[in-house]
Amino acid sequence: MASREIKDELKPEIGSSGNPGMTESMPAMPEKPTIQLQISEDMEKQLVQIILEDWSASKDARSKKEYGIDSKGASNDFDKWLKEIEDLYNARREPKEIPWKYCSNRGLRIATSILDMIHSRLLPSVINEDLVRWKPGESIDTPKVERISKLMHWWIWVHSRMHSFFDIWIKQIAGYGDGLTESFWSVMPLDKGETIEEPIVDEAGQPLINPDGTPAVSKSRTISLIEKTSSKVYPKEDVFLQEGSTDIKTEPVILKDSFKYRELEQGEAEGKFINISNMLREKLNYDHPDLTGMTPEEEQRIKDIKIRNVPVDILKWYGNFDADGDGFAEDVRILISPDHELYLGGVAVRDLTKSGQRPLDITKFDNRIDRPFENDGEGVLEKVKELSDEIDAIFNQMTDANTLGVLRPFFYDPGGDIDAPAIKLGPNKGTPVTAPNQNVFFPDIQIATDKLILAIRLVLEFIERLTAASSYVLGRESEIVGGSGTATRTNAIMQSAEQRFAIPSQRLREGASNIVRQHLDILQLNIPPGLENRVLGEDGMPIFQSNELTEEGISGEYDAYILLDPAMGSKSTERELASMMYSVLLQNPIIGTDPVKIYHVTAELIRAYGKDPEEILGPEPDSDMIDKPEDENTLIIQGDFARVRAQLTENHILHVQKHMELLQSPSLAALPPHLSAQIQQFTMQHIAEHQQQMQIMMAIQQKFGAGKQQGEIGGERPNDSGPPGDGKPSSMETVPGPLGAAMQTKRSGEVA
C-alpha cells in the first residue's frame, strides 16, 4: 500500500533479514521511511473515539431500516433480513412440529438455483476482457491511451488474475443487492532459495582473506517481491455507512475486517500497522496452558506460539480529519481495534492512490423503491424469497399428504383389546382386532394433490417470468404449462430476457469499469521498474520499449468503460449474430467488392466459432502491398508492364474505372502510334484480368452470402418454423424493420 519509493527502500532489508551469513562488517540497513500519519498519542485516542462514535451511529442507522415483513407480519430489521436471505440460499429452515413431529420441512433451494443461473448469465455478459476500453481524461493524455490499454489488459487479466474476483463480485451483488469493494496494492515476498555473495572489505576498502587463502565473502538471500493490485468485496454485514448514505467518496465509511495476530505482526514489520507488538500483544487473550512451575522464558515461548492464531477484529475508517494541523481536513484511512480501543495505524488517501481518491466502489443490482438514492440495493434472493418459500410450503404439504395417505390416522375404542402402539403395518400382514368395523374408525381425508402440483407450476412459471430464468433463457415460453417453442416466440422471449438483464448488466459494467480504473490509479503510484520485459505479446516478444512503462510514461487521467456485449455472454447467440452479419454485409457493395473488408468480416465469423482466423485465412492483407490504380497507370505509360498485375485483394471496380480513364486520356493520344497500340492492348488485357477477379469475388459473395440462409454455417440450418423456401421467417428473420423485410423477401425468392 506504500508508494514506489518506500517499497524500494524496504526491498533490500527484506532480502537480507534473518540471514545467518550476515556479518558485523556489513553496512547497516537505512532507516525505513513510513507513510504512517505522524500524530500524537492524544490524537490517536481522539481518532479512536471518533471512529467508535461513527461505528455506533452506523449500526443505529442500519437497525432503523425496514426490510419488509416476515411470515407473521412483523417488520424485518437488517440482522433478521440478512439471516433470512442467507438461510434461503442455504435451505436452512426453522424446525417445526406442526402438524406433527418430524413432518416434512425441506427446502428445495429454488432461490439458490435461480441465483446461480443469473450469476452464470451475467458473468460473461459483464466481464469480457476484449470489450474493455480506455479514454483520456485530458487531450494531452491521448497519445498514451494505446499504451494504457495494452498495459492494463495484461495487468488486470494476466498478472493480477482478476477473473476470480469478478466471479465472486457479481454473485454477491446479484444475491444481496449491492457490494462494496476496496482495491489495494499487494506485495508478497517470495524466497526462491537464491543467494548473492559480496566480498568483505576492511576500512581501507581492501578485500579480506580467509585463513585458507580464499576471499572472505558474506552471503545473503535474494527475496523476490510479487507485486500486484487486488480487490476485496466486503460482506454486507461488515460495511457500515452513515444514515442516508449516498456517496462513499466523501462520507465516512467503516469496513470491518479480521486478521490473525501473526498477520498484524508481519504487517507492522512492513509498515502497515503500528502499536502491535508493544501494545496490542499485551491486551490479547489467548488459550493459556494449565501448567505450573514454568519459567518466564517458557511462558513467553508458549505465548508466542498460542497468540499467533488469535483473531483480531479491525475497523477500517475512511473519513476526513485534520491530521497535520494545517486547518484543512485531509481524506485519511485509519485502522483501530474496537475491542481494545487501540489505534493501529493511519495513512492519507493520497498515499494509496495517484489521484488521491478513495479506492472504493459500491455497485447495486437494483434500486429499492423506497430509497433509490441510498447505497442499499435489492438483490435476486430478496425478489424471489416469498415465491421460493411458497414452493417449499406446497412441496412439504404434498409430502405430508403422501404420508397421511400411506400411514392413515385412525380412532379406536380405548376400552377394547387394541394395543395401538404395538400395531405395525406391513405388506400382507394382518392384525387381529375384535369387531374392527365398530372399534376402529379411519376418517376419510381428501387431499387435492393435483391442485398443489398445479400451484407449484404456476409459481414456477411466475418465477421464470420474473427472473428470465429456466425455460425462458432457453427460448421456450414455458415447459411447465406446455408453452410453444416456435421460432417466433423464441425470438420474442430471448429479446424479453435480454431486456430484463440489460439494466442490471449496465450497472455491473459501470461498477467493474470503476474497479479497473482504480487498479490503474494504484498502479500509477506503485509501478515496478523493468515491467517492459514482462509484458509480452502473442509472439512472446515484449510489446513495450525500454523505459516506456515508468511513472511518467503512464501518468495522466484515464477512464475505463466496458462495451455492451450483443450476445449477452451466449456463445450460440454470438455465432448467430456473426452469421447474420456475415450474410448481410457480403451483399453490401462496399464490403463485397473489397477483399480487405471481406477478410475482416470473415475473420469475425471465424472468431465467433473460437478459431484463429490467421490459421484458416492466412495473414491479414496489408494495404501497403496493394498498388493504387493511378500508380499502375503511370507504370503502364512508362512501359513497365511486368510490375502491373491484378491482385485479388484490390478494389476491382475502382481499378477498371481508372484504367478506362487512361484509355481516353490525352496523354495516351500524344504518344507515337506503335507505343499507344501496345499500351491499349496491355490495358485491355489488364482490365479483363480485373473483371475475371471480380467475377471470382462475386461468385464467393453469392455462394456464402445470398446463396445461403443466415446461420447456415457448415451445412447446418437453424431451427426454423417451416421448411426452406416456404416464406416463413426463421428465428433471426423476425427482426422488425427494413432489415427483417429484406431478409423475408430474399427468403421467399421475391424481387422488389
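Note: the structure precedes this text.
The text that follows walks through the structure, step by step, so that each part is easy to find.

### A few points about the nonpolar core
And then number 1: Counting residues in hydrophobic clusters, the biggest one holds 61 residues, and the most contacted among them are W134, F166 and W169.
And then number 2: The set of elements that each furnish at least two residues to this core consists of α3 (78-90), α4 (110-126), β1 (132-136), α5 (145-159), α6 (163-176), α10 (380-406), α13 (487-526) and β12 (558-562).
And then number 3: With near-sequence residues (within four places) excluded, F166 lies in contact with L123, I127, W157, A512, I515 and V516.
And then number 4: Counting residues in each nonpolar core, the second largest holds 18 residues, with L315, W317, V332 and I334 among its members.

### Concerning a nonpolar patch on the surface
And then number 1: A contiguous nonpolar surface patch, about 230 Å² in accessible area, is contributed by M188, L190 and I226.
And then number 2: Tracing the backbone through its elements, the reader meets L190 in strand β2 (residues 178-199).
And then number 3: The class of L190 is partly exposed, set by a relative accessible area of 32%.

### Considerations on the sheet that holds strand β3 (residues 217-234)
And then number 1: Strand order across the open sheet formed by 3 strands is β3-β2-β9, with antiparallel pairing between neighbours. The two strands at the open ends of the sheet, each matched to only one other strand, are β3 and β9 (360-364). Averaged over all adjacent pairs, the angle separating strand axes in this sheet is 25 degrees, with direction ignored.
And then number 2: Relative to β9, β2 runs antiparallel, the two sharing 5 bridges. In the sheet register, T181 faces β9, and the bridge partner there is D361.
And then number 3: Across the sheet, α5 is in contact with β2 and β3; its angle to β3 comes to roughly 95 degrees.
And then number 4: Helix-sheet contacts for α6 involve β2, β3 and β9, and the interaxial angle to β3 is about 30 degrees.

### So, empty space enclosed by the protein
And then number 1: Under the definition given, this model contains 4 cavities of 30 Å³ or more.
And then number 2: Looking at the largest cavity, its volume works out to about 250 Å³.
And then number 3: In terms of lining, the largest cavity is formed by 23 residues, of which the most central are R62, K65, V239, L241 and N375.
And then number 4: For the lining of the largest cavity, the secondary-structure elements that each account for two or more residues are α2 (41-64), β2 and β4 (239-241).
And then number 5: Grouping the amino acids of the lining of the largest cavity by side-chain chemistry returns 9 nonpolar, 7 polar and 7 charged.

### Some details on the pattern of salt bridges
And then number 1: Using the criterion set out here, one finds 31 salt bridges in the structure.
And then number 2: For K65, the salt bridge identified is with E374, shortest N-O distance 3.7 Å. Of the two residues, K65 sits in the loop between α2 and α3 while E374 sits in the loop between β9 and α10, which places them 309 residues apart along the sequence.
And then number 3: Among the residues examined, K65 registers a relative accessible area of 22% and is labelled partly exposed.

### Thoughts on the environment of W55
And then number 1: Secondary-structure assignment places W55 in helix α2.
And then number 2: Along the chain, W55 and Q242 lie 187 residues apart, while their C-alpha atoms are 8.5 Å from each other.
And then number 3: Once residues within four sequence positions are removed from consideration, W55 is found in contact with F240, I254, L315 and P338.

### Some details on the side chain of N275
And then number 1: Checked against the element boundaries, N275 lands in the loop between α7 (261-269) and α8 (276-283).
And then number 2: Filtering out sequence-adjacent residues up to four positions away, N275 remains in contact with E44, E268, L280, L342, Y343 and L344.

### Looking at the packing of aromatic side chains
And then number 1: The full count for this structure, using the stated rule, is 11 aromatic pairs.
And then number 2: Their ring planes at 65 degrees and their centres at 5.2 Å tell us that F165 and F166 sit as a pair that is edge-to-face.
And then number 3: What makes F165 buried here is its relative accessible area of 9%.
And then number 4: A relative accessible area of 1% places F166 in the buried class.
And then number 5: Through pairs of rings, three or more aromatic residues link up here, namely W157, F165, F166 and W169.

Cut-offs and rules
- Numbering of residues begins from 1 in every chain and follows the order in which that chain's sequence is written.
- In keeping with the model being predicted, local features are shown solely for residues with a pLDDT of at least 70 and side-chain atom pairs are shown and tallied solely at 80 or more, while totals for entire chains, interfaces and linings include all residues.
- Values reported for side chains reflect all heavy atoms of the structure, with hydrogen atoms and water molecules removed beforehand.
- For this analysis, a nonpolar core means a set of buried residues of the types Ala, Val, Leu, Ile, Met, Phe, Trp, Tyr and Cys, connected via side-chain atoms within 4.5 Å.
- Burial status follows relative accessibility: with a 1.4 Å probe on protein chains alone, a residue under 20% of its type maximum counts as buried, one over 50% as exposed, and anything between as partly exposed.
- Think of it this way: any DSSP run of H or I at least four residues long counts as a helix, any run of E at least two long counts as a strand, and we number them from the N terminus.
- Contact criterion: two residues are considered in contact whenever any of their non-hydrogen atoms come within 4.5 Å of each other.
- Each patch is built from salt-bridge-free residues with over 30% relative accessible area, joining like charges within 9 Å and nonpolar side chains (Val, Leu, Ile, Met, Phe, Trp, Tyr) within 5 Å.
- The protein chains shown are the only cover counted for residues, whose accessible areas, like all others here, come from Shrake-Rupley with a 1.4 Å probe.
- A side-chain nitrogen of Lys or Arg and a carboxyl oxygen of Asp or Glu constitute a salt bridge if their distance falls within 4 Å.
- When DSSP locates at least two bridges between a pair of strands, those strands are taken to pair.
- Axis definition: a line fitted to C-alpha atoms, over the contacting stretch in the case of helices. Angles run 0 to 180 degrees between N-to-C directions.
- Think of a 1 Å grid over just the protein atoms. A cavity is a set of points where a 1.4 Å probe fits yet cannot get out, a pocket is an open set with protein on both sides within 12 Å along at least five of seven lines, and lining residues have an atom within 4 Å of a point.
- Grid points are joined across faces, edges and corners, and a volume is the space filled by probe spheres set on the points.
- Residues are grouped as follows: Ala, Val, Leu, Ile, Met, Phe, Trp, Tyr, Cys and Pro are nonpolar; Asp, Glu, Lys and Arg are charged; every other residue, Gly included, is polar.
- Each Phe, Tyr or Trp ring (for Trp, its six-membered ring) is paired with any other whose centre lies within 6.5 Å, and the angle between the two planes then decides the class: stacked below 30 degrees, edge-to-face above 60, tilted in between.

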